Every structure is written in C-alpha cells, then in structure tokens.
Amino acid sequence: MEKPLFKFGIIADVQYADLPKGTNYDKSAVRYYRETLGKMDRAVEWWKEENVGFVLSLGDVIDGYNKQYNTETEALEMIMEKFDSVGVKHHQLVGNHELLNFPRDTLLSHGWGLPCGQLYYTFEPSPGWKVLVLNSYEISVIQHTDHNYHNPPNNEVLKMLQKNNKNLAVLPPGRWNETNWYSGLDTEHQRYLPYNGMFGEVQLKWVKAELAEAAGKGERVIVCSHTPVHHGASNHCDIAMDGPELVSLLHKHPSTVVAVLCGHNHNGGRCVDEAGIRHITFESPLETDPSVPDCSAVADVFPDKISIRGKGSVPSTEIFFK
C-alpha cells in the first residue's frame, strides 16, 4: 500500500456547551451540545491511532451560549485539552463563535494564529506543499467587547451589511434582533449577514502573494477557512462576504490550489468550482444525531490525490490532481 506524503485530522464546528439539546435560530435543526464531547473524544482516539501529523480544527470549537452562562473559559479549556492530547500541532481557525466568546487576544494566548498577533498564516506540512490558514473574520461586526451581533463597531463590515441587506439598514444595530435578517434577499445578497465576516483587503493581498509564490515554486496549496467561499459547497447565507473575491484569486492558480476546506455550514457540502477546484465543507458534530457516534475525518495526501476518509456523518471524498 502506498504511503501518504502526510496525513492530518479534520473536524469542524464542535460548538460544545454543557447544555441540553436545543435548536438553531430558525428551529430547523436540532443541536446536541453536550453530545459533541463524545464525538470529540472518538475523533482524538482515531487521530492518535492514525498517527496524524497535525489536526485542522475549522472553527467554532465552543458555542456562543457559553458566554451567556459564563462558562466560556471552562468549556474552552476542556476542548483544548482534548486537542492537546492528540500530541501534535492543532491549527485552530477563527469562527464566529470564537468571537462571540472571547476577544482576539484570548484566542492568541490559547493557540490561535501567530505570536505576532496575526490570525492567518501559512505552514508547510511536507516539501512541495503549503497550507493557508485563513481568517474569514479578520473584519467582522463581532470583534468587540460585547461579543454579540447587535452592537457592532463602525467598520467596513457594518457599512457593507447596511448597504447590501435592507433588513439591517432600516433599524439601528442595537435593534437588529427585532427583524428577520433574511427577508426578501436574493442569492447575491444572502451572504451579507451579521454572523459572516470578511477576509479584508490586506489578507486578500497576502493570499495573492502566497499563491503566486507557491505557483512559482510548483507547490500544491490547501486553503482553509471557517466560512465557505463558494455556494456550491454551502448555501448563499453561509459564505464570507468577500468570498467571491477570494475565489477569483484562487482561480488564477487552478493547478496550484487543490482543495478549499471549510466549516460553518453544519450540513456540509462539496463541489467542484468553475476552475476545477474542490471545495469541501465539513459536517458539524453539533447537529449529528447521537445515534451516529462520529463526525470527523482523516486526510491522506499523496502526490496525485488527497483521500479524505470520513467517519459517521462525514462522507469520504477523493480529490485527484495532476
């Protein structure tokens, strides 16, 4: 059997909270907050057995409800202890629930980002390979001390939201909870929602430079983001507000970028985009029925393909490239 160049574990949107089951905001899905711990434990044991080289945690490790009940520190320490027990580097992406619970400095002190304070970066897991860990909330309306969606700073995301979502323009931000955020939005405008964020111009310029450098060296690139960037692997409501701008950059290097791995949309999704790039959104343990014991994956990377072996609610996928 061919040995992979490297392998890594994947999980998205654990969203642990010590709470009984509940529902999502529109009550269309059941959420099993406590049960995510068991799925996390099983993922950890599997990753250990597989001897993965690192773990990608695609954001939202604990749920925003923890802030409401003052359990955010305890919940985070519990989950991070489990990641640490794998014994390899775990790369934590910033999701909206991280920012609902903590200021960015706290995330940096718990292993997110770089010591310099940057929450996006690149690393090389094997010669000829590069992983871009992106921050789809580099600019957002929840980057402030209130940790909610209803008292945003006056930044470019707030202006973008009010310009593109009529439901958020008719009321001041402090009263957004009184309106239906989604009402009457066409598909082009559905991504302009408070729980989505932006990569921002500075980060996108950095991505452009990293991709150009990788292409010049003949490297392969895996891109990771909490928020999906293509509607084929999600729905229009869960895409980063400047996701299309990122996709345009990726399309300039379709033979370099081999996969885009995301979370955020708990149902998961998969597509091949217009340039032939694979986008995979991973299912969430939070909305996986307790009768299904697993919700995680291991990716085996070979010179000509990535084999993603899913367990439980995560299907297996193979990505081929030349």
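To keep things clear, this report deals only with the structure shown in the data block. (Residues numbered from 1 in each chain as written. Predicted model: local features only at pLDDT ≥ 70, side-chain atom pairs only at ≥ 80, totals over all residues. Heavy atoms only, no water.)

Observations regarding helix 8 (residues 200-217)
In this model helix 8 runs 26 Å from its N-terminal to its C-terminal C-alpha over 18 residues, within 8% of the 26 Å that 1.5 Å per residue would give. The inward-facing, buried residues of helix 8 abut strand 6 (121-123), strand 7 (129-133), strand 8 (220-225), helix 9 (243-251) and strand 9 (257-262). (Helix = DSSP H or I, 4+ residues; strand = E, 2+ residues; numbered from the N terminus. Expected span 1.5 Å × (residues − 1). Contact = heavy atoms within 4.5 Å.)

Considerations on the packing of aromatic side chains
Under the counting rule described, the total for this entry stands at 10 aromatic pairs. Each residue in the set F6, F8, F54, F123, W129 and F321 is aromatic and connected to the rest through ring pairs, giving one cluster. The ring of Y25 has R31 sitting right over it, with the charged end atom 5.7 Å from the ring centre. Just above the ring of F302 sits the side chain of K305; from NZ or CZ to the centre is 5.4 Å. (Phe/Tyr/Trp six-rings, centres within 6.5 Å; stacked < 30°, edge-to-face > 60°. Lys NZ or Arg CZ within 6 Å of the ring centre and 35° of its normal.)

Topic: unusual backbone geometry
Positive phi, close to 50°, is recorded for Q15, a residue that is not glycine. Looking at where Q15 falls in the secondary structure, it is placed in the loop between strand 1 (6-11) and strand 2 (22-23). Classification of Q15 as buried rests on a relative accessible area of 1%. Its identity is not glycine, yet N51 carries a phi of approximately 55°, on the positive side. (Buried < 20%, exposed > 50% of the residue type's maximum accessible area, 1.4 Å probe, protein only.)

Section: empty space enclosed by the protein
What the rule picks out here adds up to 1 cavity of 30 Å³ or more. The space that makes up the largest cavity amounts to roughly 30 Å³. Every residue lining the largest cavity is listed: F8, I10, I222, A259, L261, A299, I306, I308 and I319. Contributing elements (two or more residues each) for the lining of the largest cavity: strand 1, strand 9 and strand 13 (305-312). Counted by class, the lining of the largest cavity contains 9 nonpolar, no polar and no charged residues. (1 Å grid on protein atoms, 1.4 Å probe; cavity = no way out; pocket = protein on both sides within 12 Å on 5 of 7 lines; lining within 4 Å. Points joined across faces, edges and corners; volume = space filled by probe spheres on them. Nonpolar A, V, L, I, M, F, W, Y, C, P; charged D, E, K, R; others polar.)

Notes on the packing of helix 8 against helix 9
Two numbers describe how helix 8 lies on helix 9: the axes approach to 10 Å, and their chain directions differ by 15°. Comparing the axis directions of helix 8 and helix 9 gives the class roughly parallel. For helix 8 against helix 9, the interelement crossing comes out right-handed. In contact with L204, V207, K208 and L211 of helix 8, helix 9 contributes E245, L246, L249 and L250. For the contact of helix 8 with helix 9, the class distribution of residues is 6 nonpolar, no polar and 2 charged. (Axes fitted to C-alpha atoms, helices over the stretch in contact; angles between N-to-C directions. Parallel < 35°, antiparallel > 145°, perpendicular 65-115°, else oblique. Left-handed = near helix turned anticlockwise from the far one by under 90°.)

Topic: the side chain of H279
Its location among the elements puts H279 in strand 11 (residues 278-281). Using a relative accessible area of 2% as the deciding quantity, one classes H279 as buried. Polar side-chain contacts of H279 include one of 2.8 Å to the side chain of D273. Those residues in contact with H279, other than ones at most four positions away along the chain, are V229, H230, A233, V247, V260, G269, R270, C271 and D273. (Polar contact = N/O pair within 3.5 Å; in protein donor to acceptor, adjacent residues only side chain to side chain.)

Focus: the sheet that holds strand 12 (residues 295-301)
In a beta sheet, neighbouring strands pair by backbone hydrogen bonds and run either parallel or antiparallel. What the 6 strands build is an open sheet, ordered 5-4-1-12-13-14; its pairing is mixed. Looking at which strands have only one partner, the edges of the open sheet turn out to be strand 5 (89-92) and strand 14 (317-320). The mean angle between the axes of side-by-side strands here comes to 20°, regardless of whether they run parallel or antiparallel. Where strand 13 and strand 14 come together, 4 bridges link them in antiparallel fashion. Within the sheet, the bridge partner assigned to I308 lies in strand 14 and is T317. Lying on the sheet, helix 1 (residues 36-50) is in contact with strand 1, strand 4 (54-57), strand 12 and strand 13; it crosses strand 12 at an angle near 20°. Lying over the sheet, helix 3 (residues 72-84) contacts strand 1, strand 4 and strand 5, oriented at roughly 135° with respect to strand 5. (Pairing = 2+ DSSP bridges.)

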